[in-house]
Amino acid sequence: MNVAIVGASGAVGQEFLRVLAERDFPVDNLVLFGSKRSAGTKYTFKGKEYEVRLLQHNDDFKGIDIAFASAGAGTSKEFAADITKHGAVMIDNSSAFRMDDDVPLVVPECNAEDALSRPRGIIANPNCTTIMMVVALQPLERLSHIRRIHIASYQSASGAGAAAMAELQEQYRQILAGEEVTVSKFPHQLAYNVIPQIDVFQPNGYTKEEMKMFNETRKIMHSDVKCSAMCVRVSSLRAHSESVWIETERPISVDEARAALAAAPGVTLEDDPDNLVYPMPLDTAGKDDVFVGRVRKDLADDNGLTFWLSGDQIRKGAALNAVQIAEYLVKADKSLGK
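Residues numbered from 1 in each chain as written. Predicted model: local features only at pLDDT ≥ 70, side-chain atom pairs only at ≥ 80, totals over all residues. Heavy atoms only, no water.

Visitor: Quick one: what's the story with the nonpolar core, residue by residue and with numbers?
Guide: By size, the foremost hydrophobic cluster in this structure holds 55 residues, and its most contacted members are F61, L137, I149, V244, V292 and F307. If one sorts the elements of this core by residue count, helix α4 (residues 128–141) sits on top with eight residues. Dropping the residues within four chain positions of it, F61 is found in contact with A4, V6, F33, L55, A67, D82, I83 and H86. In terms of nonpolar packing, the next biggest core, distinct from the first, is built from 43 residues, V19, V89, A322 and I325 among them. (Core = buried A, V, L, I, M, F, W, Y, C linked by side-chain atoms within 4.5 Å. Buried < 20%, exposed > 50% of the residue type's maximum accessible area, 1.4 Å probe, protein only. Helix = DSSP H or I, 4+ residues; strand = E, 2+ residues; numbered from the N terminus. Contact = heavy atoms within 4.5 Å.)

Visitor: An account of the sheet that holds strand β12 (residues 267–269) is requested, with residue identities and associated values reported.
Guide: Judged by pairing direction, the sheet is mixed, and its six strands sit side by side in the order β10-β9-β11-β14-β13-β12 without closing on themselves. Since the sheet does not close on itself, it has two edges, and those belong to β10 (226–233) and β12, each with one partner. The average undirected angle you get between the axes of adjacent strands in this sheet is 20 degrees. Sheet topology note: the strand β9 (residues 146–155)/β10 ladder contains eight bridges and is parallel. Residue I149 lies in a different strand from β10, and its bridge partner there is C227. Set on the sheet, helix α7 (residues 254–263) makes contact with β12, β13 (290–297) and β14 (304–312); between it and β13 the angle comes to about 170 degrees. (Pairing = 2+ DSSP bridges. Axes fitted to C-alpha atoms, helices over the stretch in contact; angles between N-to-C directions.)

The values are spatial; any link to function lies outside them.
As structure tokens, this is what we get:
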């Protein structure tokens, strides 16, 4: 495969490099792209040094098979035609195309085959919080159709990018040093705080992030499920967590749910409350799976279950999911790379 990474200097771009190397993805040639600020920067991949090229409107993507893009929705929209015009598959990590009817929105554990139908040559990587939730929901959906979801997310600084992670660390340093706290990447100080807002508010009182969870879940799962979300920024560094309540068509027992989750691809069940074992962002950071625990019946709904999950936002929530899509394409799409 001839592979390109757009936004190579960002947190997700750097994670693309690590994940591709760790999973030994078949990269024959690698090309890195970035903004004027990052052009010229050099990175090492599998012992070889690569220099970041300036992303421009030209034919630089000629011969590229797969292009991973994580440079923001504006950049993705502006350069999609350049990336795909010579046949490259663009796996886009931004929100630019997620809800377009002719762009598949893919989480391989749920709907990998959707990636094979891509009229525009674009596959969208879902929102990080949605990815982790649907990985845990899919094995339960197979037991009984999920009608309703209520979810409260506890989202790390990494969801706002590398600069946001640095800001959180700097805020803690400033507080301990008695200095004035810098607030730039979030609406308020995040250190020693939680912020009940991620993205901008919509007319219905929900944020854009919360509406992503409603709409993206339905598209990925090919479902009429309704999802009501409260998305909250917390001061963990790079792993998101979620409290999830579901209502199914028939009651699912806790034992059924645990067995399904334990057997599901991409899920690790950590559910031993007697010994204080449950997923925490401190432990799930840097891991590939979505970790699930605290599985129990919903006391407010006879057909309800509730559980807790945690997973690495930069890996499964972004770079890993995109690479898994590419891995599926390499196996399933015989035209790729020809």
